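Commentary on secondary and tertiary structure
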Amino acid sequence: MALDRTSGFDMLVQISESELNSQLETAFLAGGIFPPAISVPISSGGVTGTAALNFDTPVADLDRPRPRMGLTIPFDGSQLEITAPLPLTVSPLGGDITIVDSIVMRTEGSTQIASMDFTAGAPDVSVTFDSDSASRLAPLLSAAGLTINQAQNMMAGIVLNQLQNDIQRLDLTPPIPVTDDSDATTVFDIDVTTINDTSTLDSDCITFGIRMASDSGGNINGVNASMIPAGSGSLVMMSNFWLLAKVMRPRLARQMGIPVDNFDTPLRLNRSVPAPGGDGTLTNLEARVEGNRIAVSGRATDSGTGWSAVSNFSFYIDIGFSGGSITITATEPNVDTDVDLAWWVWLVSLGLGGLFGGIVGVIVAAIVLAIVEAVAEGIANGLVSDCLSGSLGGLPSVPLGPIGSGLTLTDIVLDDLELRSSIVRAPAVPIKNKGQHKDIRAFAVDLDTGEITNDIRFGTDLVWRPEQGLSVSGGSGLSITGTSYGAVTPVQVSHMPLTSTVIPPGAVPVSFPSPFWFMSHDAVVFGVRTSEGRLAKVKAWRSLTEGGALHLE
């Protein structure tokens, strides 16, 4: 059996630092995780006023002692408005706020949430102004008898007060249902820690140890390394013992109609039982993990008047993916059958050994079917679906990151049932408007409202003139991307310069509709910042079958 790499837990989930930051960026863009700006009162050293801070995307780092995480929040375009002793405004100000706190599992009702809880002990907070801001603040600080370090410490105290009294906590997962029941596929309890990989690979990650029952073990401090494969953002690993003894064993007993104690743990038959299908006897049966497969071996017997047959068999169960869904398949059994016939049976009809061997083959086929159905019920139906968004199939919410996004399984390595996964995000950024329009004539569109007009009006973002191409209006900007329309994300658009103003008519492809027989379809895809400051992705092409009419999506 493969080594237990889950540190005694039934399941282990790891999320890489890079994936965590990718999700943080998406969540921040959507207005979640952390406020985009705060305004806090200042009263220290005879100076009163207000600090207005505008934040950029937070960046998490796990280069800390476990289970602590650092969160650096850049700020720029901010200001300090002093009301006493003299009215004065200092701007623009920029720099970084760094918050370091432990990640804990917080219980809320019948759920658990991974959080940075700022009320459970004070987090470490530091504020650093950039050099330009320090220069702007220097005359004010000198007049007040303060150094830049004192000013930074004062701001850190203000931020700490804001964290503990207003923000209070930063939730890294959605609420995860937990329950104490007899179902081996429901979560009982979750532990969390961080991995700070000091090697050159720097494979830092957050690790969740999951128990499926009150009698399950696990030592979260026993997990000391990231096991996420290169190129993946996450990993879900199931322990061999839990998979065989807790998931497959009771289901296989039920499929065969025998008591579960007829099997020793993890999964080995301890007595002779009637074979599935109603014929013969099953004398041996054992399942174990070998490499990335479940290996099954056993022995079945059957007999009749004048004959008996013993069959040793073995086969493998492979777990894979097809069309985005998990598949459970068995290899063709390797069957070695020994048939004994009485002398008088040989005299009656020679060659009956094949017939009786076939009977035993039917028994083996029934055994294979029973085991495959047990695995499918326990894994495919009960544990894993094609997308782990709110839940892992029948398994309630597995910790997946700050916006509760999902894991799409791309590969399985059955060595403690390691599910190598990539992250697929739901479109968590709110969509203001979407739609399609086609016209052979000139038109204008307000991307914020979806309004189509014949002329440019207040709020117009894009203008189409067949002889001049596509142009922006009202302070909007655009950037063409080589990424397909469906693959463009809001985060990608936010990283585009969005400074261009025109797409010439020659840059708008003339194409057949999609799909159109065997003809290819082409379009120009671009990002836009609208006149109201929103982000949009747009696809445009001209139809060969509709006189060059522009299609805009």
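1. Re the pattern of salt bridges
Scanning the model with the defined rule gives 14 salt bridges in all. With its nearest N and O atoms 3.8 Å apart, the salt bridge here joins Arg169 to Glu108. With Arg169 in strand E10 (residues 169–171) and Glu108 in strand E7 (residues 104–108), the pair connects residues that are 61 residues apart, well separated along the chain. Its relative accessible area of 33% is what places Arg169 among the partly exposed residues. Residue classification places Glu108 among the partly exposed residues on the basis of a relative accessible area of 38%. Through salt bridges with shared partners, a single network forms among Arg106, Glu108, Arg169 and Asp171.

2. As for the pairing of strand E12 (residues 189–195)
Most of E12 sits inside the fold, with six of its seven residues counted as buried. One ladder, built from seven bridges, connects E12 with strand E13 (residues 205–211); its direction is antiparallel. By the bridge assignment for E13, Val192 is matched with Phe208.

3. A few points about the packing of aromatic side chains
Counted according to the given criterion, the structure contains one aromatic pair. Considering the side-chain rings of Phe75 and Phe129, the 6.0 Å spacing of their centres and the 90 degrees angle between planes classify their relative orientation as edge-to-face. Note that Phe75 is positioned in strand E5 (residues 68–84) and Phe129 in strand E9 (residues 124–129), a separation of 54 residues in sequence. If you follow Lys537 out to its NZ or CZ, it ends over the ring of Tyr485, 4.6 Å from the centre.

4. Side note on the pairing of E5
Note that strand E3 (residues 47–54) and E5 share five bridges and pair antiparallel. Directly across from Thr48, in E5, lies its bridge partner Ala84. Both strand E4 (residues 59–61) and E5 contribute to a ladder of three bridges, which runs antiparallel. Bridging across to E5, Asp61 finds its partner in Gly70. Taking the residues between adjacent antiparallel strands as the criterion, E4 and E5 are bridged by six residues. Note: E5 against strand E6 (residues 88–102), 12 bridges, orientation antiparallel. Bridge pairing in E6 places Gly70 opposite Val100.

5. Thoughts on the sheet that holds strand E30 (residues 462–465)
Read across the sheet, five strands follow the order E29-E28-E30-E31-E33 without closing on themselves; strand pairing throughout is antiparallel. Looking along the sheet, the strands with just one partner apiece sit at the ends: strand E29 (451–453) and strand E33 (502–503). Two strands pair when backbone bridges link them, and E30 and strand E31 (residues 469–472) are joined in this way by four bridges, in the antiparallel orientation. For Leu462, the partnering residue across the bridge sits in E31 and is Val472.

What counts, and at which threshold
- Residues numbered from 1 in each chain as written.
- Predicted model: local features only at pLDDT ≥ 70, side-chain atom pairs only at ≥ 80, totals over all residues.
- Heavy atoms only, no water.
- Salt bridge = Lys/Arg side-chain N within 4 Å of Asp/Glu carboxyl O.
- Helix = DSSP H or I, 4+ residues; strand = E, 2+ residues; numbered from the N terminus.
- Buried < 20%, exposed > 50% of the residue type's maximum accessible area, 1.4 Å probe, protein only.
- Pairing = 2+ DSSP bridges.
- Phe/Tyr/Trp six-rings, centres within 6.5 Å; stacked < 30°, edge-to-face > 60°.
- Lys NZ or Arg CZ within 6 Å of the ring centre and 35° of its normal.

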